[in-house]
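# Architecture and fold: a report
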Amino acid sequence: MGTLDIADKIAHKIDNLPTLPTIVTALMNTIGDEDHNLRDVVKIVSSDTSLTANILRIANSAAFSRQSDVDSLEKAIVRLGEKLIIGIAIGTSSSVVFDDELEGYQATAGTLWDHSLRTAIASRELAAFAKKKDYLELAFTAGLLHDIGKSVISEYLRGKASLMTKLYDKGLVEDFLEAEREILGTDHSEVGFSIAKVWNIPEPIQVAIRYHHSPSDASEEYRLLVFCVHMGDLITQISGGEGEGADSFLYNLDQSYIDFFGLNRTAFDRIILNVEEEFHAVKQSIEQCGGGTNEP
Amino acid sequence: MSVLYVGVGEYAASKTPGEVIKTLGLGSCVAVVLLAPRHRAVGMVHVALPDSSINLKRAEERPGTFADTGIPILIGEFKRMGIVNPRDFIVKLAGGASIMDRNNVFNIGKRNVLAVRKILWKYRLGAIAESVGDTISRSVALDVNTGRVKIWSPGRGEWEL
């Protein structure tokens, strides 16, 4: 099968993907708007009874419940944080693409969701160390969606993981992204960008998906956000956990991060700890609501 | 065969025939494997970070997280099984993959391996075999019956340490 045939198949698959629930895009647009307030978020969430119930349940779960129970949606959203609300909306909706096994990456079912959730948390943690604050409210969501392209191209990379790691080990490609392009004529960041456009995801997140492996190529306006996702993705690969894929560690760090972030070793090590801790709490809570992964 | 899974910051030791201790996706973390062949005992700790001083509460809750608290806790497990003589121990290391960073922040794998070696040295222990560094995220299985340490990595197959 030539790369042209594959390009057609990938394009066809993107057009036929299940759409992102409207409520998720509405939440992204609202939370990304600097002038929004809590009432705007409550209004959107309360239009979906099952999401409202899940958010109340998670806010009162062992991982997040402090002294008192929360009984109102407002209090639940304040307790969990607006960004996590998007994570819950995506994690508990069955129509999105995170649960599939990624055979092309030798990653079992559920790995993409785990990786995405960790990256979301890491991206949000990194945002606190950025020297400016442009669009950083979207760091969590952009982290959650950065690898959606993998769910589409994985099947065309089936059986190729060993070849691709060999290409990297021999220095024939610069990173796994280039190995994907060698085989498919495209890569998961380009395909993810196309999906994000079809899904009508806010532009800053589209750009983060497109350039998460080459943040310096992103437009200046969104570059800081893209760097958060770029570094959050690498932190997630670095800290490992149950089953990263064959591409783990096979991407390069954009060394100019140091110009945008006040990050030292201690802060970095603390981020690794925080991500590990929060990931388990959030994952467990979402699974209790029947969402998230279908891990074996 | 029963499998004991060791997550990030966890540890396990066993001399029960038929048991296997496994840890998955080490990334920059280091699996410190301790073998006591004379006693047919094996153990492993999955170390994530070099130094517990960054979060003492976490070190108390999950000592295996850090090199300086994880190695003592693993050695303590062997003591509980009556194995105290350092000469009985064989050490093997796996993990510590790193991403190149000129600013020396993201190279946590390298820092982990150095910290583990330093703490082992305090106990007069050194690894006889290592599969550390590079850009390879490893998983490890340790068999009580044979004392063999198997490593595997997506896209790279498996091998014995």
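Everything in this summary refers to the structure shown in the same document. (Residues numbered from 1 in each chain as written. Chains lettered and ligands numbered in written order. Predicted model: local features only at pLDDT ≥ 70, side-chain atom pairs only at ≥ 80, totals over all residues.)

## What about the pairing of strand β9 (residues 149-153) of chain B?
Looking along a regular strand, one sees side chains alternate from face to face of the sheet. Residues and elements named next belong to chain B. What counts, and what does not: Partly exposed residues are those whose C-beta has more than 12 but fewer than 20 other C-beta atoms within 10 Å; with 20 or more the residue is buried, with 12 or fewer it is exposed, and the C-beta atoms are placed from the backbone. A helix here means a DSSP run of H or I that spans at least four residues, while a strand means a run of E at least two residues long, and both kinds are numbered starting from the N terminus. Pairing between two strands is assigned when DSSP locates at least 2 bridges connecting them.
Alternating residues of β9 divide into Val 149, Ile 151 and Ser 153, all buried, and Lys 150 and Trp 152, none buried. Where strand β8 (residues 139-143) meets β9, four bridges bridge the pair, whose relative direction is antiparallel. Bridge pairing links Leu 142 to Val 149 in β9. The antiparallel pairing of β8 with β9 creates a hairpin that spans five residues between the two strands, and Gly 147 there sits at a positive phi of about 75°. As paired strands, β9 and strand β10 (residues 157-160) are joined by four bridges and run antiparallel to one another. Among the inter-strand pairings, Trp 152 is bridged to a residue of β10, identified as Glu 158.

## Quick look at helix α10 (residues 161-169) of chain A
Residues and elements named next belong to chain A. Heads up, the condition is: Starting at the helix axis, one direction is taken to each C-beta atom, and the arc is that of these directions. Note on contacts: residues are paired as contacts if their backbone-placed C-beta atoms lie within 7 Å.
The set of residues buried in α10 consists of Ala 161, Met 164, Thr 165 and Tyr 168. Mapping the buried residues of α10 onto a view down its axis gives an arc of 95°, with all of them on the same face. Contacts from the buried residues of α10 go to α11 (176-184). At the exit of α10 stands Gly 171, carrying a positive phi of roughly 75°.

## So, the packing of helix α7 (residues 111-127) of chain A against helix α15 (residues 265-288) of chain A
All names here are of chain A. In plain terms, the rule: Inter-axis angles, ranging from 0 to 180 degrees, are taken between N-to-C directions of lines fitted to C-alpha atoms, where helices are fitted over the stretch in contact. By the definition adopted for this analysis, an angle is roughly parallel if under 35 degrees, roughly antiparallel if over 145, roughly perpendicular if from 65 to 115, and oblique otherwise. When the near helix sits turned anticlockwise from the far one by under a right angle, the crossing is termed left-handed; a clockwise turn instead gives a right-handed crossing. Three categories are distinguished: nonpolar for Ala, Val, Leu, Ile, Met, Phe, Trp, Tyr, Cys and Pro, charged for Asp, Glu, Lys and Arg, and polar for the others, with Gly belonging to the last.
The interhelical angle for the contact between α7 and α15, taken along N-to-C directions, is 135°, at an axis separation of 9 Å. Relative to α15, α7 is oriented oblique. Considering the relative orientation of α7 and α15, their crossing is right-handed. When α7 is examined against α15, the residues Leu 117, Arg 118, Ile 121, Ala 122, Glu 125 and Leu 126 are found in contact with a partner set consisting of Ile 271, Asn 274, Val 275, Glu 278, Phe 279, Val 282 and Lys 283. In terms of residue class, the contact of α7 with α15 is made up of eight nonpolar, one polar and four charged.

## Thoughts on the nonpolar core
Selection criterion: Each nonpolar core comprises buried Ala, Val, Leu, Ile, Met, Phe, Trp, Tyr and Cys residues, the members being joined through C-beta atoms within 7 Å.
By size, the foremost hydrophobic cluster in this structure holds 144 residues, and its most contacted members are Ile55(A), Ile85(A), Leu225(A), Val32(B) and Val116(B). Of the residues forming this core, the biggest block, ten residues, is contributed by helix α14 (residues 223-239) of chain A. When near neighbours in sequence (up to four residues on either side) are disregarded, Ile55(A) contacts Val45(A), Leu73(A), Ala76(A), Ile77(A), Leu80(A), Ile85(A) and Ile88(A).

## A short note on the sheet that holds β8(B)
Sheet strands pair via backbone hydrogen bonds, and the direction of the pair is either parallel or antiparallel. All names here are of chain B. The mixed open sheet is built from five strands, whose spatial order is β1-β3-β8-β9-β10. Strands at the two margins of the open sheet, each flanked by one partner only, are β1 (2-5) and β10. For this sheet, the mean inter-axis angle between neighbouring strands, taken without regard to orientation, is 25°.

## Points about the interface of chain B and chain A
Counting residues at the interface gives 27 residues for chain B, matched by 32 residues for chain A. Its residues assigned to classes, the side of chain B that touches chain A comprises 15 nonpolar, eight polar and four charged.

## Description of the environment of Ser214(A)
Tracing the sequence through the fold places Ser214(A) in the loop between α13 (203-210) and α14. In this structure the C-alpha to C-alpha distance between Ser214(A) and His230(A), which are 16 residues apart in sequence, comes to 7.7 Å.

## What about helix α2 (residues 22-32) of chain A?
Residues and elements named next belong to chain A. Within α2, the full set of buried residues consists of Val 24, Leu 27, Met 28, Ile 31 and Gly 32. Relative to the axis of α2, the buried residues are bounded by an arc of 120° and lie together on one face. Elements that come into contact with the buried residues of α2 comprise α3 (38-46), α6 (82-91), α8 (139-145) and α13.

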